[in-house]
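# Coordinate analysis (summary)
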Amino acid sequence: MKRTGLQMTKTGFSFRGPDAGVHALKSWITPDDDLFLVTHMGFVEIDPVHWYLDIDGMVGNPLRLRLSDLQAMPQREYMSFHECAGSPLAPTVAKRRVGNVVWKGVPLSTVLEKAEIHTDASYIWTAGLEWGEYADINEPYQKDLPIDKALSNEVLLALEVNGRPLTPERGGPVRLVVPGWYGTNSVKWVGSLRAENRRATGAYTTRFYNDPAPSGMTPVWSVAPESVIVSPSPDHPLEAGVPTKIWGWAWGDRLITGVEISLDGGNLWQTATLGPRRDKSWQRFELPWIPTSGTHSLLCRCIDELGQGQPQSDARNAVHSVQIQVSDGGIRNDQTAT
Ligand SMILES: Nc1nc2c(c(=O)[nH]1)N[C@H]1C(S)=C(S)[C@@H](COP(=O)(O)O)O[C@H]1N2
Ligand SMILES: [Mo]
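Residues numbered from 1 in each chain as written. Chains lettered and ligands numbered in written order. Predicted model: local features only at pLDDT ≥ 70, side-chain atom pairs only at ≥ 80, totals over all residues. Heavy atoms only, no water.

## Looking at the pairing of strand S17 (residues 226-231)
- With six of six residues buried, S17 lies mostly within the body of the structure.
- Two elements, S17 and strand S19 (residues 244-251), share five bridges in a ladder whose sense is antiparallel. Residue pairing across strands places isoleucine 229 opposite glycine 248, the latter belonging to S19. (Buried < 20%, exposed > 50% of the residue type's maximum accessible area, 1.4 Å probe, protein only. Helix = DSSP H or I, 4+ residues; strand = E, 2+ residues; numbered from the N terminus. Pairing = 2+ DSSP bridges.)

## Considerations on the site of ligand 1
- Surrounding ligand 1, one finds 19 residues, the nearest of these being His40, His82, Glu130, Arg175 and Lys188.
- Measuring from a nitrogen atom of ligand 1, one finds a side-chain N or O atom of glutamate 130 at 2.6 Å.
- Mapping ligand 1 onto the cavity grids shows that it belongs to the largest cavity.
- Here the element with the most residues in the shell around ligand 1 is strand S3 (residues 37-39); it accounts for three residues.
- Classifying every residue of the shell around ligand 1 gives eight nonpolar, seven polar and four charged. (Near = heavy atom within 4 Å. Polar contact = N/O pair within 3.5 Å; in protein donor to acceptor, adjacent residues only side chain to side chain. 1 Å grid on protein atoms, 1.4 Å probe; cavity = no way out; pocket = protein on both sides within 12 Å on 5 of 7 lines; lining within 4 Å. Sits in = over half its atoms within 2 Å of the grid points. Nonpolar A, V, L, I, M, F, W, Y, C, P; charged D, E, K, R; others polar.)

## A short note on the layout of surface pockets
- The calculated volume of the largest pocket comes to roughly 460 Å³.
- Lining the largest pocket are 23 residues; nearest its centre among them are Tyr182, Asp211, Ser222, Ala224 and Arg316.
- Elements supplying a minimum of two residues to the lining of the largest pocket: strand S15 (210-213) and strand S16 (216-219).
- In terms of residue class, the lining of the largest pocket is built from twelve nonpolar, six polar and five charged.
- Of the residues that make up the lining of the largest pocket, three or more belong to each of domain 1 (6-219) and domain 2 (226-337). (Points joined across faces, edges and corners; volume = space filled by probe spheres on them. Domains from an automatic or database assignment.)

## Things to note about the packing of aromatic side chains
- Summed over all chains, the structure comprises eleven aromatic pairs.
- A ring pair is formed by phenylalanine 43 and tryptophan 189, whose centres lie 6.3 Å apart and whose planes are at 80°; its orientation type is edge-to-face. Linking phenylalanine 43 in strand S4 (residues 42-46) with tryptophan 189 in the loop between strand S13 (175-177) and strand S14 (190-196), this pair joins segments that are 146 residues apart in sequence. In this structure, phenylalanine 43 and tryptophan 189 share a single accessibility class: buried.
- An aromatic cluster is built from Phe13, Tyr134, Tyr141, Tyr204 and Phe208, whose rings are joined through pairwise contacts.
- Positioned over the ring face of tyrosine 52 is arginine 3, at 3.7 Å from the centre of the ring.
- When the ring centre of tryptophan 247 is taken as reference, the NZ or CZ atom of arginine 284 above it lies at 4.0 Å. (Phe/Tyr/Trp six-rings, centres within 6.5 Å; stacked < 30°, edge-to-face > 60°. Lys NZ or Arg CZ within 6 Å of the ring centre and 35° of its normal.)

## Considering the domain arrangement of the protein chain
- Structurally, the protein chain comprises domain 1 (6-219) and domain 2 (226-337).
- If you average the C-alpha positions of domain 1 and of domain 2, the two centres end up 31 Å apart.
- Between domain 1 and domain 2, the residue contacts involve 29 residues of the former and 28 residues of the latter.
- A combined buried area of about 2,300 Å² lies between domain 1 and domain 2, and 56% of that area is made up of carbon and sulfur atoms.
- Of all residues in domain 1, the largest losses of buried area upon contact with domain 2 belong to His23, Trp28 and Arg96, amounting jointly to 27% of the total for that side.
- For the pair domain 1 and domain 2, the number of links is two salt bridges.
- The shortest N-O distance in the salt bridge between arginine 96 and glutamate 226 comes to 3.2 Å.
- Taken together, the connections running from domain 1 to domain 2 amount to 15 residue pairs in polar contact (both at pLDDT 80 or more). (Contact = heavy atoms within 4.5 Å. Buried area = accessible area lost by both parts, 1.4 Å probe. Salt bridge = Lys/Arg side-chain N within 4 Å of Asp/Glu carboxyl O.)

Spelled out as structure tokens, the structure:
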């Protein structure tokens, strides 16, 4: 049964992101205009007055919370990178849909405690309120979280991003946010939570967003270490002999402890300077560079505190490379002199 106050404004899969890709991501906090948007079935607009969240399943105290109920609860802010895992139909293609934002909302744990979840509940199932088709299926966007992650203090029922209420396209009035995990887990337009003792049964957890692993399938949850070169970008001309720097962002569920840059397509690697992390934000890296003329293939790769790195290719977090043309300073000067 559909709720009242809901309207699909666009149907079908949709992706929006900056034209310049990762080269647009110049600021520490990504403004909404540069932050990618993804939806599988379309965008839904929800009248905030009609929105509510049902919490049931293995709970002692089933709840229905309205927006005003959530707004009256203590909220917290949490800074986190936000990254899409890419298409579930092509999971080894690196899409680099990423940003870094400050979410604000009610910790999911607060609501789960109020609902008195049973001690033997091991998963929280969540579902979005939109409807429609994706691939060849027609079912709600249902995801799940193991109870440990669901109760961790960074998982939020978010009402705001970067100091503003969530827009309808961003999943407003309320979305789930699961910092450190791929975007697919952060259910937009969230309308229900269920405590269960097994994994969710919908296509978005059983068929999509599972990676093949030696032990069977692994859910697409924790974000693997990844890094991108923001600058220089291919369309920004550089001049030989003029000092510049190579810089970008590195992130992952775990703290990034090292970034290396190659100037020669991956033969030799140099250690970049790496900045701090706040909450689960991305981290800035940079390396000074005095380019020589010609074409250069710049690469970056990172490693996290567990020693995990990035595959060279065929992975959503494969090593990022940028081809840069460097003009001969002398010729350039002659030209400008005429
Ligand atoms: N209800 C709902 N939530 C959803 C999705 C969706 O299609 N429906 N897409 C997921 C995916 S794959 C990603 S990457 C993020 C994107 O969030 P954003 O559009 O705010 O960047 O939302 C996730 N939450
Ligand atoms: Mo995604």
